[in-house]
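# Close look at the chain arrangement
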Amino acid sequence: EIGSLAERMGYKAYLVGGVVRDMLMNKEVWDLDVVVEGNAIELAGELARIHGVDLHPFPEFGTAHLKIDSIKLEFATTRRETYPHPGAYPLVEFASLREDLLRRDFTINAMAVSLMSEDFGTLIDYFGGLRDLKDKLIRVLHPLSFVEDPVRILRALRFAGRLGFRLSKSTEKLLIKAVELGLLKEAPQGRIFSEIRLALREENLPEIIKLYKKYRVLESLFEGFSWDDQLERRLKGLRSVIEWHRIEFPQERLDYGWLYLMLLLLRVDAAGYMNFLNAPSWVRQGYTFLKKDLDRLLGDLKKAQKPSEVYRLLKGKHLSVLLLLMSFPEVQDRVKLYLEKLRHVKVDPREFSGLSGPDLGKAMEEKKSQLMDSLFSLNS
Ligand code: ATP
């Protein structure tokens, strides 16, 4: 339908980028990127009119968004991009499909599928994307790619982690060089940190973090960051805690990715980075709390003699703080007891007839403590 509309307008239209990659990998796709050799906004407008949906045009970029049922479509006019300096927002000019594909990050993201009736469904693959997809390789399109846009360093590792791919030999060399040159520090931090946010949402985040470690990117991004065995052990611990929590308390799901970030940055002075990252308030509050009180709380938890003491120490703490604490092996059992049992202990206020206000509260808490200490025990 898009193709025949385009034909009638004298344009050509193609599916491009991640959607082509995902279709070739038999994944479901909901976000379709369409490029048009011609006026993309006009074509998108016509499609929106036919389907009776809203059009969101961005004339300064030559792009338009619309949504038909649950499918999101983004239309863009084919363009060429030149970078005035590394990592800068690019200057944009109209160009052919080939040039539009050439500006893209990796071969697997630089394929197109024709939507035109004469060759509908034909794969257009100028740079060997299909072969790299089969060989499970991330490969840049030209040697200056990472210099042109250092955000691609992080994108390369995100896709590698997500898809279980490796970097091609030459791409790996270029990436290592780019990190050594400190390009990540020079790139606009807004774009870098929004890329990090995308990584935090990935299912395979632990794999991505391993790649960040292998290629030493966190050292470049966060002043004062360094790796050691302890941090690695804690990350592993956090991973199993999260897997446990996901299964045990599916209704309590949270954006687990932030927990990894909080753990990674515990030994960095990261209040400022939290701003750059636009971290949600629970992350900032949890992080600030842990920076200040982690050691004390770990000590107190270890010393606790009775379940009711554990309860008092953990009561009211945000789930993020609890899960991070639980990833420390020395207190794992205690936090687990809290999450599984202690926090659910309830007493019935009707048992306390005659009491009200603070007195009632206090009596109930005491009763709760007794109950906990009789029902549960701490193995030391
Ligand atoms: P995802 O599945 O994460 O959405 P995607 O490949 O669709 O992956 P987007 O960030 O939506 O990723 O980008 C769409 C396409 O735009 C990419 O497939 C790639 O072709 C191109 N692209 C995105 N960012 C860059 C970049 N920094 N440099 C070059 N090309 C890029």
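Refer to the structure above for everything that follows.
The present account deals with the structure reproduced in this document. Since this is a predicted model, take the numbers as computed values, not measurements.

## Some points on the packing of helix H7 (residues 151-163) against helix H8 (residues 169-180)
- Where H7 meets H8, the closest approach of the two axes is 10 Å, and the angle between their N-to-C directions is 135°. With respect to H8, the axis of H7 lies oblique. The hand of the H7/H8 crossing is left-handed. Within the contact between the two elements, H7 uses Ile153, Ala156 and Leu157 and H8 uses Leu175, Ala178 and Val179.
- Grouping the amino acids of the contact of H7 with H8 by side-chain chemistry returns six nonpolar, no polar and no charged.

## With respect to the packing of aromatic side chains
- All chains considered together, the criterion is met by nine aromatic pairs.
- With a centroid separation of 5.3 Å and 5° between ring planes, the pair formed by Phe193 and Phe276 is classed as stacked. Note that Phe193 is positioned in helix H10 (residues 189-200) and Phe276 in helix H15 (residues 271-276), a separation of 83 residues in sequence.
- Taking the relative accessible area as the measure of exposure, Phe193 reaches 0% and is therefore buried.

## Focus on the pattern of salt bridges
- For the coordinates displayed, the defined rule picks out 26 salt bridges.
- Note that Arg152 is salt-bridged to Asp149, the shortest N-O span being 3.9 Å.
- The class of Arg152 is buried, set by a relative accessible area of 3%.
- By relative accessible area, which is 5% here, Asp149 ends up buried.
- For the salt bridge of Glu232 with Lys213, the shortest nitrogen-to-oxygen distance reads 3.3 Å. Placement of Glu232 in helix H13 (residues 229-248) and of Lys213 in helix H11 (residues 205-214) is noted, with a sequence separation of 19 residues between them.
- The class for Lys213 is partly exposed, based on a relative accessible area of 30%.
- Put simply, Lys292, Asp293, Arg296, Asp300 and Lys303 are held in one network by salt bridges that share partners.

## Let's talk about the sheet that holds strand S2 (residues 31-37)
- Spatially, seven strands are ordered S3-S4-S5-S2-S1-S8-S9 in an open sheet, and the strand pairing comes out mixed. Each edge of the open sheet carries a strand with a single partner, namely strand S3 (55-58) and strand S9 (123-124).
- Helix-sheet contacts for helix H1 (residues 2-9) involve strand S1 (12-16), S2 and strand S5 (71-77), and the interaxial angle to S1 is about 145°.

## Concerning the pairing of strand S4 (residues 63-68)
- Across four bridges, S3 lies against S4 in antiparallel orientation. Among the inter-strand pairings, Pro57 is bridged to a residue of S4, identified as Ala64.
- Taking the residues between adjacent antiparallel strands as the criterion, S3 and S4 are bridged by four residues, where Gly62 takes a positive phi near 65°.
- One ladder, built from six bridges, connects S4 with S5; its direction is antiparallel.

## Digging into the site of the ligand
- With respect to spatial proximity, 15 residues lie near the ligand, and among them Arg21, Asn109, Asp149, Arg152 and Arg162 are the closest.
- Separating an oxygen atom of the ligand from a side-chain N or O atom of Arg21 is a distance of 2.9 Å.
- Asp105 has a polar backbone atom sitting 3.1 Å from a nitrogen atom of the ligand.
- For the ligand, whose free accessible area comes to 590 Å², the fraction covered by protein is 72%.

## Here's the deal with the environment of Leu184
- When you line up the elements, Leu184 lands in helix H9 (residues 183-186).
- Judged by relative accessible area, which is 1%, Leu184 ranks as buried.
- A C-alpha to C-alpha distance of 6.5 Å links Leu184 and Ser220, two positions 36 residues apart in sequence.
- Excluding residues that lie within four positions of it along the chain, Leu184 makes contacts with Pro150, Ile153, Leu154, Gln189, Ile192, Val217, Ser220 and Leu221.

Reading the values: the criteria
By convention here, each chain's residues receive numbers from 1 onward along its written sequence. Given that the model is predicted, a residue must reach a pLDDT of at least 70 before its local features are reported, and side-chain atom pairs must reach 80 or more before they are shown or counted; all residues, however, enter totals for whole chains, interfaces and linings. Note that the side-chain values use all heavy atoms of the structure and ignore hydrogens as well as water. Think of each axis as a best-fit line through the C-alpha atoms, taken over the contacting stretch in the case of a helix, with angles from 0 to 180 degrees between the N-to-C directions. Strands are runs of DSSP state E lasting at least two residues, helices are runs of H or I lasting at least four, and both sets are numbered from the N terminus onward. Orientation categories follow fixed angle ranges, with anything under 35 degrees roughly parallel, anything over 145 roughly antiparallel, 65 to 115 roughly perpendicular, and all other angles oblique. Put simply, a crossing is left-handed when the front helix is turned counterclockwise from the back one by less than a right angle, and right-handed when it is turned clockwise. The contact criterion used is simple: two residues touch if any of their non-hydrogen atoms lie within 4.5 Å. Only Asp, Glu, Lys and Arg are considered charged in this grouping, and only Ala, Val, Leu, Ile, Met, Phe, Trp, Tyr, Cys and Pro are considered nonpolar; every other residue, Gly among them, is considered polar. Aromatic contacts are taken between Phe, Tyr and Trp rings whose centres are within 6.5 Å, Trp giving its six-membered ring; a plane angle under 30 degrees counts as stacked, one over 60 as edge-to-face, and the others as tilted. For each residue, the accessible area found with a 1.4 Å probe, counting protein chains only, is set against the maximum for its type, and the residue is called buried under 20%, exposed over 50%, and partly exposed in between. Salt bridges are defined as contacts in which a side-chain nitrogen from Lys or Arg sits within 4 Å of a carboxyl oxygen from Asp or Glu. Here, strands pair whenever DSSP counts at least two bridges between them. Only a single heavy atom is needed: when it lies within 4 Å of a molecule or strand, its residue is near that molecule or strand. A 3.5 Å cut-off defines polar contacts: any pair of N or O atoms within that distance qualifies, except that in protein one atom must be a possible hydrogen donor and the other a possible acceptor, and neighbouring residues in sequence count only when both atoms are side-chain atoms. Per-residue and other accessible areas follow the Shrake-Rupley method at a 1.4 Å probe size, with only the shown protein chains counted as cover for residues.

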